[in-house]
Amino acid sequence: QVQLVESGGGLVQPGGSLRLSCAASGSIFSLYTMGWYRQAPGKQRNLVAHITRNRNTNYADSVKGRFTISRDNAKNTVYLQMNSLKPEDTAVYYCNAVWSGHEYWGQGTQVTVSS
């Protein structure tokens, strides 16, 4: 069983930045594909970005050029640097880990972009 704990969410003004962190338990973190998803009220959960064990990355079109996903295998942590935030980025952000047919989710962290 893998536990994922997100942190770093909060309230930020449009144009601001936040960095989300997701700390994972377990000793094989380096093997996981790690991802960030988000879910706005009344909408489905969608992929924001993911990073593979080989550090290949993929982003939703809506965040390309603004968000950066990275990982630190020594700290069992994945990050999401979010710049130039927009009100439409407001959502609960969830961390996701996938490996060998197993999938795990964090509890989510709220990001609100508002003036």
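Coordinates for the structure precede this section.
Nothing here was measured: the structure is a model prediction, and the numbers come from that model.

**Digging into the packing of aromatic side chains**
Inspection of every chain in the model, using the stated rule, returns 3 aromatic pairs. For the pair Tyr37 and Trp105, a centre-to-centre distance of 5.0 Å together with 65° between the ring planes defines the contact as edge-to-face. Highlighted residues: Tyr37 in strand β4 (residues 33-39) and Trp105 in strand β10 (residues 102-105), separated in sequence by 68 residues. Among the residues examined, Trp105 registers a relative accessible area of 33% and is labelled partly exposed. Clustering of aromatic rings is evident, with ring pairs tying together Phe29, Tyr32 and Trp99.

**Concerning the state of the cysteines**
The term disulfide refers to a covalent linkage connecting the sulfur atoms of a pair of cysteines. For the structure on display, the rule yields 1 disulfide. Between the sulfur atoms of Cys22 and its disulfide partner Cys95 the distance amounts to 2.1 Å. The sign of the -85° torsion about the S-S bond sets the Cys22-Cys95 disulfide as left-handed. Taken as a pair, Cys22 in strand β3 (residues 18-24) and Cys95 in strand β9 (residues 91-99) lie far apart in primary sequence, 73 residues in all. Note on accessibility: Cys22 and Cys95 belong to one class, buried.

**Examining the layout of surface pockets**
Estimates place the volume of the largest pocket at around 160 Å³. Lining the largest pocket are Arg38, Gln39, Ala40, Lys43, Gln44, Asn46, Leu47, Ala60, Ser62, Glu88, Thr90 and Ala91. Of all elements in the fold, only β4 and β5 (46-51) reach the threshold of two or more residues within the lining of the largest pocket. A per-class count over the lining of the largest pocket returns 4 nonpolar, 5 polar and 3 charged.

**Examining the sheet that holds strand β8 (residues 77-82)**
Across the sheet, which stays open at both edges, the 4 strands sit in the order β1-β3-β8-β7 with antiparallel pairing between neighbours. In this open sheet, the two edge strands, each paired with only one partner strand, are β1 (4-7) and β7 (67-72). Neighbouring strand axes in the sheet, compared pairwise and without regard to direction, differ in orientation by 15° on average. As defined by bridge partners, β3 adjoins β8 across 6 bridges and the pair is classed as antiparallel.

Cut-offs applied
Residues numbered from 1 in each chain as written. Predicted model: local features only at pLDDT ≥ 70, side-chain atom pairs only at ≥ 80, totals over all residues. Heavy atoms only, no water. Phe/Tyr/Trp six-rings, centres within 6.5 Å; stacked < 30°, edge-to-face > 60°. Helix = DSSP H or I, 4+ residues; strand = E, 2+ residues; numbered from the N terminus. Buried < 20%, exposed > 50% of the residue type's maximum accessible area, 1.4 Å probe, protein only. Disulfide = S-S within 2.5 Å. 1 Å grid on protein atoms, 1.4 Å probe; cavity = no way out; pocket = protein on both sides within 12 Å on 5 of 7 lines; lining within 4 Å. Points joined across faces, edges and corners; volume = space filled by probe spheres on them. Nonpolar A, V, L, I, M, F, W, Y, C, P; charged D, E, K, R; others polar. Pairing = 2+ DSSP bridges. Axes fitted to C-alpha atoms, helices over the stretch in contact; angles between N-to-C directions.

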